[in-house]
Amino acid sequence: MKRVAAKTILMLLIIDCSGCSGNLPSSFYRSFSLRQIVDNNKNRIHVDCDPPNGGGGIGVGGGGGRLSGGFGRSSYNFSTGASFVCKVDSNNFDEATVIPTLQQAIEQSMVKAGVKITNRDNKVPVEFSLAYSVNEAEGKLTVSARRVPGAQYSFVSSLQESRK
C-alpha cells in the first residue's frame, strides 16, 4: 500500500510539473549581461571597466523574478537589472557613440537568440528601450549610460519578461 501511495504522489508531482520548463524565462533573458556587452565593446566606446587591482566594475546590481504557474498553465513575470561604473579614456571617448554602439551590439545578440524586436524607443540620447517577443513571451530592455563625476561613466540596465 505504501508503494502505491508513493508512486501516486510521484506521478502527481511529474504531471504537475510537466509544464515547468515552459515557466522559465527565455535564453536571451537568462544570458543577458550589460557588463559583458560593454566589455566586448570597450575598445569602440573607450571605457575601462577593470579597477586597477583587477576584478570587476564598480558596483554591480542584480535582480530576481516572480514565477507563477500551475497545471495546464505556464505564465511568469521576471525582472532583473544591473548597474556599474567604468572609467572613461578621456583622450578617445566620444559620448555620442556609446548608446548607438551598445544598442547595435544588443540588437545583434537578440537576433542571434531568435528574439523579435517589436519596438525601439530612443527618445533621449542617453537611453534606449527595446520591446521584444520570443517563444510566446514579451519583454522590455532599457539601457542607460551617463557620465558621472571623476571621468567615469555609469551603465544601468533593466530587463523584464513575462508570459501570460
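Residues numbered from 1 in each chain as written. Predicted model: local features only at pLDDT ≥ 70, side-chain atom pairs only at ≥ 80, totals over all residues. Heavy atoms only, no water.

1. Things to note about the pairing of strand β6 (residues 137-148)
Okay, step 1: With eight bridges connecting them, strand β5 (residues 127-134) and β6 associate as antiparallel partners. Bridging from a neighbouring strand, glutamate 127 pairs with serine 144 of β6.
Okay, step 2: Counting the residues between successive antiparallel strands, the hairpin from β5 to β6 contains two residues, one of them, asparagine 135, with a positive phi of roughly 45°.
Okay, step 3: Two elements, β6 and strand β7 (residues 152-163), share eleven bridges in a ladder whose sense is antiparallel. Residue valine 143 lies in a different strand from β7, and its bridge partner there is serine 157. (Pairing = 2+ DSSP bridges. Helix = DSSP H or I, 4+ residues; strand = E, 2+ residues; numbered from the N terminus.)

2. Section: the pattern of salt bridges
Okay, step 1: Applying the stated rule across the entire model yields six salt bridges.
Okay, step 2: The shortest N-O distance in the salt bridge between aspartate 48 and lysine 87 comes to 3.8 Å. Of this pair, aspartate 48 sits in strand β1 (residues 47-48) while lysine 87 sits in strand β3 (residues 73-88), and the two are 39 residues apart along the sequence.
Okay, step 3: Look at aspartate 48 and you get partly exposed, because its relative accessible area is 33%.
Okay, step 4: By relative accessible area, which is 29% here, lysine 87 ends up partly exposed.
Okay, step 5: When the shortest N-O distance is used, the salt bridge between arginine 120 and glutamate 107 registers 3.0 Å. Taken together, the residues arginine 120 in strand β4 (residues 116-124) and glutamate 107 in helix α5 (residues 95-112) connect sequence positions 13 residues apart.
Okay, step 6: The structure contains a network of salt bridges with shared partners spanning Arg35, Asp39, Lys42 and Asp50. (Salt bridge = Lys/Arg side-chain N within 4 Å of Asp/Glu carboxyl O. Buried < 20%, exposed > 50% of the residue type's maximum accessible area, 1.4 Å probe, protein only.)

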